[in-house]
Amino acid sequence: IVRTLLSIQMSPEASHIDQVRVPLVDAMYGASPTRNDGTDQSTVSTEDTRIGKACVSISAAFAPICEWKQWENVLAIATRKKSNTENDRAKAEQELVTAMSGLPLEFTHHVALDRWTGAAADKMLYTVLEPTSGQWSGLKLELDEKRLGERYLPALALLMHSLQSLHAGDLGLGWGTYRGHGTIQITSISIKGSAVNCEISTPGEWLWSDLEANDSHAASEIKAAWKTWLQTAREG
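Thresholds, definitions, all that
- Residues numbered from 1 in each chain as written.
- Predicted model: local features only at pLDDT ≥ 70, side-chain atom pairs only at ≥ 80, totals over all residues.
- Heavy atoms only, no water.
- Helix = DSSP H or I, 4+ residues; strand = E, 2+ residues; numbered from the N terminus.
- Buried < 20%, exposed > 50% of the residue type's maximum accessible area, 1.4 Å probe, protein only.
- Contact = heavy atoms within 4.5 Å.
- Areas by Shrake-Rupley, 256 points an atom, 1.4 Å probe, with all protein chains shown as cover.
- Polar contact = N/O pair within 3.5 Å; in protein donor to acceptor, adjacent residues only side chain to side chain.
- Axes fitted to C-alpha atoms, helices over the stretch in contact; angles between N-to-C directions.
- Parallel < 35°, antiparallel > 145°, perpendicular 65-115°, else oblique.
- Nonpolar A, V, L, I, M, F, W, Y, C, P; charged D, E, K, R; others polar.
- Core = buried A, V, L, I, M, F, W, Y, C linked by side-chain atoms within 4.5 Å.
- Phe/Tyr/Trp six-rings, centres within 6.5 Å; stacked < 30°, edge-to-face > 60°.
- Salt bridge = Lys/Arg side-chain N within 4 Å of Asp/Glu carboxyl O.
- 1 Å grid on protein atoms, 1.4 Å probe; cavity = no way out; pocket = protein on both sides within 12 Å on 5 of 7 lines; lining within 4 Å.
- Points joined across faces, edges and corners; volume = space filled by probe spheres on them.

Visitor: Describe the overall build of the protein, with residues and values.
Guide: If you tally the helices and strands in the protein, you get nine helices and six strands. Residue burial in the protein is summarised as follows: out of 236 residues, 31% are buried. Sequence-distant contacts, at least 24 apart, represent 51% of the contacts inside the protein between residues at least 6 apart. By element, 52% of the accessible surface of the protein is carried by carbon and sulfur atoms, the whole surface being about 15,800 Å².

See below:
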């Protein structure tokens, strides 16, 4: 988002660390030091340092699927299914179907898409065991207002833009998103902090509209701070 808005170009040969060195993003999510001279770079002090501990923490979401003993049994059978003997593999496959009976899991077939052509990627047909239901805990993101200082409101605006992309289905979470993993659906959003406190129980097509409807003053303040930061970043 920031790279697009600030028209920051990046060489395809750039390392991952260089790719994430983007204004505001590095202050929010942290970046590695740019020198190894022993200087203490454990805090984010200015926009130019681009290093330090992340100001955003994320608590993973979990959903109970089955008892550990049941899952241990499934893993043991799945391991036997890799046997070199065809009869053993066939027997293990039948046992696996029985062991999974009643569990909210099912085999799902995927084929990865080539990111350049949009066609099926070569040799990328695979099968995974996926949960089909379950009561997931909420995904919790915390923004450290004290460490961000004057960048807190622009960072909050950027987080809202990220949530918008997540809500629209443009972003995946975790490993293997290009293989179809990481797809989620946002059903509600709760924002609590010094700048804004609101509950969005049924997010609409545009989260900023939801925020304005719940707290118009906070929405205006965050938008103003975001525009000011963008203008300053573009000029700098």
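Picking up where we left off.
Visitor: Let's hear about the side chain of Q164: which residues, and what values?
Guide: Tracing the backbone through its elements, the reader meets Q164 in helix α7 (residues 152-167). A distance of 2.6 Å separates a polar side-chain atom of Q164 from the backbone nitrogen of L207. Non-local contacts of Q164, meaning those with residues more than four positions away in its chain, are made with E205, W206, L207 and W208.

Visitor: Let's hear about the packing of helix α8 (residues 207-214) against helix α9 (residues 216-235): which residues, and what values?
Guide: At their nearest, the axes of α8 and α9 sit 5 Å apart, and the two run at 130° to each other. With respect to α9, the axis of α8 lies oblique. Along the contact surface, α8 presents W208, L211, E212 and N214, while α9 presents S216, A219, I222 and K223. Tallied by class, residues from the contact of α8 with α9 come to four nonpolar, two polar and two charged.

Visitor: Describe in detail the environment of A225, supporting the description with residues and values.
Guide: Locating A225 in the fold gives a position in helix α9. Those residues in contact with A225 that lie beyond four places of it in its chain are L153 and P154.

Visitor: Any chance you could break down the nonpolar core for me, citing the residues and the numbers?
Guide: Grouped together as the largest cluster of nonpolar side chains are 36 residues, with contacts concentrated most on M28, L143, L148, L156, V196, L211 and I222. Those elements giving two or more residues to this core turn out to be α3 (25-29), α7, β5 (189-192), β6 (197-200), α8 and α9. When residues in this core are grouped by element, the largest group, nine residues, is from α7. Excluding its chain neighbours within four sequence positions, the residues that come into contact with L211 are M160, V196, C198, I200, S216, A219 and I222. The next biggest cluster of nonpolar side chains, apart from the first, holds eight residues, and it includes I77, A92, A99 and L105.

Visitor: Residues and numbers for unusual backbone geometry, please.
Guide: Positive phi, close to 55°, is recorded for S7, a residue that is not glycine. Residue placement: S7 occurs in the loop between α1 (2-5) and α2 (16-19). For S7, a relative accessible area of 54% translates into the label exposed.

Visitor: Hey, could you go over the packing of aromatic side chains for me, with residue numbers and the actual values?
Guide: Under the counting rule described, the total for this entry stands at one aromatic pair. Measuring from centroid to centroid gives 5.7 Å for W226 and W229, while their planes differ by 15°, and the two rings are stacked. On the criterion of helical spacing, the pair formed by W226 and W229 is a turn pair, its members being three residues apart in helix α9. Comparing W226 with W229, the two get one shared label, buried.

Visitor: Describe the pattern of salt bridges, and please don't skip the residues or the numbers.
Guide: This structure, assessed with the given rule, holds two salt bridges. For K69, the salt bridge is made with E72, and the minimal N-O distance between the two is 3.7 Å. Here K69 pairs with E72, and both are found in helix α4 (residues 68-80), just three residues apart, close to one helical turn. A relative accessible area of 35% places E72 in the partly exposed class. A salt bridge links E212 to K223, with the nearest nitrogen and oxygen atoms 2.8 Å apart. You can see E212 sitting in helix α8 and its partner K223 sitting in helix α9, a full eleven residues away along the chain.

Visitor: Now, about the environment of A90: what can you tell me, with residues and values included?
Guide: Along the chain, the position of A90 falls in helix α5 (residues 86-99). Sequence-wise, A90 and R80 are ten residues apart; in three dimensions their C-alpha atoms are separated by 9.9 Å.

Visitor: Report on the layout of surface pockets, specifying residues and quantitative values.
Guide: Taken as a whole, the largest pocket holds about 1,300 Å³ of empty space. Along the wall of the largest pocket there are 38 residues; nearest its centre are G138, L139, K140, L141 and I184. Those elements giving two or more residues to the lining of the largest pocket turn out to be β3 (120-131), β4 (140-143), α7, β5 and β6. Of all the elements, α7 adds the most residues to the lining of the largest pocket, at six residues. Per-class residue counts for the lining of the largest pocket are 20 nonpolar, 13 polar and five charged. For the second largest pocket, the calculated volume is near 610 Å³. As for the second largest pocket, its lining consists of 21 residues, of which I1, Y29, L159, S162 and L171 are closest to the centre. Mapped onto the lining of the second largest pocket, the elements with two or more residues apiece are α1, α3 and α7. For the lining of the second largest pocket, the element with the most residues is α7, which contributes six residues.

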